[in-house]
Amino acid sequence: MAKNTKLVVSMVVALGLAGTTLAGCGTVPMNNTAGNTHASGASNAAETGAASVSNSSLTIGVDNGSPTFTDNFNPYAPSTRTGTNYIYEPLFFVNNINGKVTPWLATAYKWENNKKLVVTIRNGVKWNDGKPFSAKDVAFTFQYLKKNPSLDSQGLWQVLQSVTASGNKVTFTMKTPDVPVFYQIASTLIIPQHVWATISNPAKAVMKNPVGTGPYVVGSFTPYQYTLTKNPKYWQANKVQVDTLNFPVLGNNQTATLKLASGQWDWATLFLPDIQKTYVSRDPSTNKYWFPAGGIISLALNLTKQPFNDPQFRKALAYAIDKQQIANQAEDGYVDVASQAGLILPGQSQWLDASLPNKGIYPLNIQKAKQILKSAGYKTNSQGQLLDKSGKPITFSVEVPTGWSDWIQAAQIIQSSLKKIGITVNVSTPQYAAYSENLASGQFDGALLSFGGTASPYTSFQTLLNSSFATPVGQSTTANQERFKDKAVDQALQSWEQSTSTAQQKKSASEIENTMYNELPVIDLFYGATWSEFSTKNFTGWPSAKNPYALPSPYGQPPLMILTHLKRNS
Amino acid sequence: MRYFLRKIGFLLLTVWVAVTLNFVLPRLMPGNPAQAMMAKFAQQGPVSPSQEKALELMLGLPTGSLWSQYWSYLGNIVHFNFGTSYSYFPESVSNVILTALPWTLILVGIVTILQFVVGTLCGVYAAWNRGKKFDSTASVMLSFTAAFPYFWLALALIYFLAYLAKWFPISGGYSGSLHPAFQWSFIASAVYHSILPAITIFATGIGGSLLGMRNNMINTLGEDYILLAKAEGLKNRVVALRYAARNALLPIVTNFAMSLGLVVGGSLLMETVFAYPGMGYLLSTAVSNQDYPLLQALFLCITVSVLVANFIADLISGLLDPRLRRGATTS
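Predicted, not measured: the structure shown is a model, and the values here were computed from it.

Cut-off values and rules
- Residues numbered from 1 in each chain as written.
- Chains lettered and ligands numbered in written order.
- Predicted model: local features only at pLDDT ≥ 70, side-chain atom pairs only at ≥ 80, totals over all residues.
- Helix = DSSP H or I, 4+ residues; strand = E, 2+ residues; numbered from the N terminus.
- Contact = placed C-beta atoms within 7 Å.
- Rg over C-alpha atoms; globule rule 2.2 N^0.38 Å.
- Buried ≥ 20, exposed ≤ 12 C-beta atoms within 10 Å, placed from the backbone.
- Core = buried A, V, L, I, M, F, W, Y, C linked by C-beta atoms within 7 Å.
- Domains from an automatic or database assignment.
- Pairing = 2+ DSSP bridges.
- Axes fitted to C-alpha atoms, helices over the stretch in contact; angles between N-to-C directions.
- Left-handed = near helix turned anticlockwise from the far one by under 90°.
- Nonpolar A, V, L, I, M, F, W, Y, C, P; charged D, E, K, R; others polar.
- pLDDT = per-residue confidence, 0-100.
- Arc of directions from axis to C-beta.
- Parallel < 35°, antiparallel > 145°, perpendicular 65-115°, else oblique.

Another aspect to go through is the overall build of chain B. Scanning chain B from terminus to terminus reveals 14 helices and zero strands. Scanning chain B from its N terminus toward the C terminus, one meets helices and strands in the order α-α-α-α-α-α-α-α-α-α-α-α-α-α. Along the first, second and third principal axes, the C-alpha set of chain B runs to 85 × 60 × 40 Å. A separation threshold of at least 6 residues defines the contact pool for chain B, and within that pool the share at least 24 residues apart is 71%.

Next comes the structure, spelled out in structure tokens:
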């Protein structure tokens, strides 16, 4: 039950902060069992406003309201409506599953050198108020982020030197070579200059009828439901077959589950226990799901402390922790065990160093764990407790935010796994704020930590491993909180950052993967899932493990891609 | 008169203490609003380091020493200026509260009064006929329902009456196709949506008022003046209502005033389960988002209304019961 708490809370978030937090890889195959349709009790539809009224509409359970909606589609407001993502568009659509880049408002990009990126802007695109879209709007957007640092949630201007438009080209110049910043530039939502130039306090501006280039415009709005309707001026309007999108208030987890199960919603993002029974079986021919990975959940140990600073100790832990049990029990078997290479497989397999055994996954092997500890000089006492080098029994705590019940269960499985090699683990569940502060200041023993899920593994590795983030204990840091330091890794990261050649980037990647595998800066446990349930009753063409063209989430940027792929059933 | 002055002085003092606690408590919670917001982002996937910084800049977290924050806080309260809510950014706290307040006042207020009236009358009846059929079934059954976990009861009702039977909507305060307005269709929809929430609060709360009244009443029924009244040959109805119930009611009035004061805080569980747009939902949103401005304003509303309700109850009790006033002057 409490697991649900975590997930519903997650949906409260309208991801105005452009696609930095999404990622993935196909892990759980979509269930394709065909069966006889037996319509599950169709509806209370009129009452909830769910419009199964028309077969050219989709009802999406994703936007929570609190509990009702405020009428604001400002992409920079932290509490913006989820529908905002269906209205504004980025330069390129980046598929975080595999890093594939699809031209969107831009048609092409070119690195003139590793400090200068030139992007060609699409011709013929119009804002939904009829005014033409141009390279000037793009340059304006980035200038606007510079003028308002509070909007620059990706920290672009730490890297950018200047952004200028000329004709249909926009030129980005960096302060220092930074090739991976492309993904952040690519996913920045572009705003119209003619609307925003006069807005002086952007985060506080209330936008009821936002002007964007995207496939939808705001239709009707009430505090319990809003609709988006198809933008007739959309530049790829011929690809958009869904005329209306309904966003009813999500409500709490239990009621949301009932609404999804009763067929009121066509697309949702909920954690459902035993989904086969709770959702698919209600209408097996149309009720589908796909839960691809969106990040890696790992056990971070404080590397400034004994014995965590010993790679052999960490390696023994990697062999001793029953990761499969965590995937099966804590995550209901919806996810896969993570590779120690720090990549999300199979999505990012083009980056994987083929020489790593078993794709970098540490198998469960208690004997081997004990053997490694023994040869590294760790002894056990008469009660079977493992002793550190000073002769004291090893005991440490693993911190998990309170209420994140799947993580808590994972930590409990780690606890029972490590008991088998004589280590006592305490699971501690502080408030998220305390958890996050302990990690930031380095005042912890162990903690579950999620990372990865970015279009380029560079971004994940940079924030996880770069030693420039590893501040001394007591000083706050937002990245590399386990405080890993390795000059070779820093160099590999730097050469990756500066290189526009894929071969060179891959070389750096495999160096880092080998360090991940051999030194275990963090111990990778399992892939965190992106929850997504959808109905093929009226529309087909949803992303799947076979065709992972986007993450299946109704928030963030994937909807732009998905809604240009959905086909109406004839 | 002294009695009333003393009560007013006490009211002012408690309001000040409440206001100050209200300022201190949220600041003792670990973390800050930007981190709380990051917590939500973090659940959707790993977060980038620059996001938190950007959020802090945007929310404009309080700066300056605690003292200067405290003084400007007191100044703002006097002007009913509670600032901008973090969780409903960029809406102002006063606006957020004003939209939520009517929902709670109407639904929770009506149900609380109804519950009090029905519970008290049933309590009188049960006490008068104590040991008989109604008393034994109602008292036992209601002490049972009063002990139900609210959440469980609400979800069970939603499952059976809304999901399976489809008699009621699963959640919400009114239909998604309507705007709040003084129109028949809207009011009808709001009433329809409020039936299940009302039933749940009523069912879990009525036991308390029934049992409280019943027990008080049984005590007064043992008094000599009741015996005298009966011996005088007064009608049962008159003895029960005018003599016994009226005296038994005194302590209940205070309780009732308190619960009326608490109405302003909304029914937190009910509103979260039903996604009902009232004060309880605001409170839970404010707590989980560390929305200090909203939290402070909400706590202030709640404490002040409880204190005022208490004050009024004191005044009424003072008027009703001369013993209280005399007690005050002699002490």
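Attention now moves to the overall build of chain A. Helix and strand counts for chain A stand at 16 helices and 22 strands. In summary, chain A has a C-alpha radius of gyration of 24 Å against a globular reference of 25 Å for 570 residues, a match within 12%. Considered along the principal axes of its C-alpha atoms, chain A spans approximately 75 × 60 × 40 Å. Considering chain A as a whole, with its 570 residues, one finds that 57% of them fall into the buried category.

This brings us to the nonpolar core. Residues A:Leu91, A:Leu448 and B:Leu298 are the most contacted members of the largest nonpolar core, which totals 214 residues. With nine residues, helix H13 (residues 292-320) of chain B is the largest single contributor of residues to this core. Among the domains, domain 1 (2-78) and domain 2 (99-330) of chain B are the pair contributing at least three residues each to this core. Not counting residues within four places of it along the chain, the set of residues in contact with A:Leu448 comprises A:Ile297, A:Leu299, A:Val398, A:Val400, A:Trp407, A:Ala410 and A:Ala411.

Moving on, we get to helix H13 (residues 457-465) of chain A. Since the α-helix advances by 3.6 residues per turn, residues separated by three or four positions end up pointing in the same direction. The buried count for H13(A) comes to nine of nine residues, which makes it a mostly enclosed element. Turning to H13(A), its buried residues number three or more, namely A:Pro457, A:Tyr458, A:Thr459, A:Ser460, A:Phe461, A:Gln462, A:Thr463, A:Leu464 and A:Leu465.

Size of an interface: often given as the accessible area lost when the parts come together. For chain B, the assigned domains are domain 1 (2-78) and domain 2 (99-330). One C-alpha centre belongs to domain 1 of chain B, the other to domain 2 of chain B; they are set 31 Å apart.

This next bit is on the environment of B:Leu25. All names here are of chain B. With respect to the helices and strands, Leu-25 occurs in helix H1 (residues 2-28). We classify Leu-25 as partly exposed; it has 13 C-beta atoms within 10 Å. Residues Leu-25 and Asp-291, spaced 266 residues apart in sequence, show a C-alpha to C-alpha distance of 12 Å.

Both strand S2 (residues 92-95) of chain A and strand S3 (residues 100-103) of chain A contribute to a ladder of four bridges, which runs antiparallel. Across the sheet, the residue bridging to A:Phe93 is A:Thr102, located in S3(A).

Right, let's talk about the sheet that holds strand S16 (residues 395-399) of chain A for a bit. Residue and element names in this part refer to chain A. The strand order S17-S16-S18-S13-S19 describes an open sheet built from five strands, whose pairing is mixed. Each having just a single partner strand, strand S17 (424-428) and strand S19 (522-529) make up the two edges of the open sheet. Across the sheet, the mean angle separating the axes of adjacent strands is 30° when strand polarity is ignored. Against the sheet, helix H11 (residues 405-419) contacts strand S13 (293-301), S16, S17, strand S18 (446-451) and S19, and its axis sits at roughly 170° relative to S17.

It is worth spelling out the pairing of strand S5 (residues 116-121) of chain A at this point. Residue and element names in this part refer to chain A. Only one face of S5 is buried, namely the one carrying Leu-117, Val-119 and Ile-121, since none of Lys-116, Val-118 and Thr-120 on the opposite face is buried. With six bridges joining them, strand S4 (residues 106-113) and S5 adopt antiparallel strand pairing. For Ala-106, the partnering residue across the bridge sits in S5 and is Ile-121. Counting the residues between successive antiparallel strands, the hairpin from S4 to S5 contains two residues. The pairing of S5 with strand S7 (residues 169-174) spans five bridges and is classified as antiparallel. Its bridge partner lying in S7, Val-118 is registered against Thr-171.

Below, the discussion takes up the packing of helix H5 (residues 93-128) of chain B against helix H8 (residues 184-221) of chain B. Residue and element names in this part refer to chain B. Between H5 and H8, the shortest axis-to-axis distance is 6 Å and the interhelical angle comes to 35°. The handedness of the crossing between H5 and H8 is right-handed. Per-class residue counts for the contact of H5 with H8 are 20 nonpolar, eight polar and one charged.

All names here are of chain B. Here chain B shows a mean pLDDT of 82. Residues at 70 or above account for 90%. Of all helices and strands in chain B, the one with the weakest mean pLDDT is helix H14 (residues 322-330) (61), whereas H5 scores best (88). Both scores are given for the predicted complex: the pTM is 0.82, the ipTM 0.77.

Residues and elements named next belong to chain A. Put simply, Gln-306 and Pro-307 share a cis peptide bond, and its omega is -15°. By the element assignment, Pro-307 lies in the loop between S13 and helix H8 (311-320). Following Leu-345, the chain continues to Pro-346 via a peptide bond in cis, the omega torsion being 5°. With respect to the secondary-structure elements, Pro-346 resides in the loop between helix H9 (323-330) and helix H10 (366-375).

Here we take up the environment of A:Gly124. Considering the arrangement of structural elements, one finds A:Gly124 in the loop between S5 and helix H3 (135-147). Along the sequence, A:Gly124 and A:Asn358 sit 234 residues apart, while their C-alpha atoms lie 49 Å from each other.

On to the sheet that holds strand S1 (residues 57-61) of chain A, then. Residue and element names in this part refer to chain A. The seven strands are arranged S8-S9-S10-S1-S11-S20-S12 in an open sheet whose pairing can be described as mixed. On the outer flanks of this sheet lie strand S8 (216-222) and strand S12 (287-289), each paired with one strand and no other. Inspection of the sheet shows strand S11 (residues 267-268) paired to strand S20 (residues 533-535) by two bridges, in the antiparallel sense. Following the sheet pairing, Ala-268 is matched in S20 by Glu-533.

On to helix H12 (residues 432-441) of chain A. Residues and elements named next belong to chain A. Those residues of H12 that sit buried are Tyr-432, Ala-433, Tyr-435, Ser-436 and Leu-439. Projected onto a plane normal to the axis of H12, the buried residues spread over an arc of 160° and lie on a single side. Just downstream of H12 lies Gly-442, where phi reads positive at about 75°.

The next thing to look at is the confidence of the model for chain A. Detailed reading of the predicted coordinates is not advisable wherever pLDDT falls low. Residue and element names in this part refer to chain A. Here chain A averages 87 in pLDDT, while 91% of its residues score no lower than 70. Here helix H1 (residues 2-12) stands out as the least confident element of chain A, with mean pLDDT 36; helix H16 (residues 558-563) is the most confident, with 97. In this model residues 1-53 is a low-confidence stretch, pLDDT under 50, and it forms 180 contacts with partners more than four residues away in sequence or in other chains.

Attention now moves to the environment of A:Ser285. Examined against the element boundaries, A:Ser285 turns out to sit in the loop between helix H7 (275-278) and S12. When the 16 C-beta atoms within 10 Å are taken as the criterion, A:Ser285 is described as partly exposed.

Another aspect to go through is the packing of helix H14 (residues 487-498) of chain A against helix H15 (residues 502-519) of chain A. Residue and element names in this part refer to chain A. Packing of H14 against H15 brings their axes to within 9 Å, and their N-to-C directions diverge by 155°. Considering the angle they form, H14 stands roughly antiparallel to H15. Where H14 crosses over H15, the handedness of that crossing is left-handed. Here Ala-488, Val-489, Ala-492, Ser-495 and Trp-496 of H14 lie close against H15, whose contacting residues are Gln-504, Gln-505, Ser-508, Ala-509, Glu-511, Ile-512 and Thr-515.

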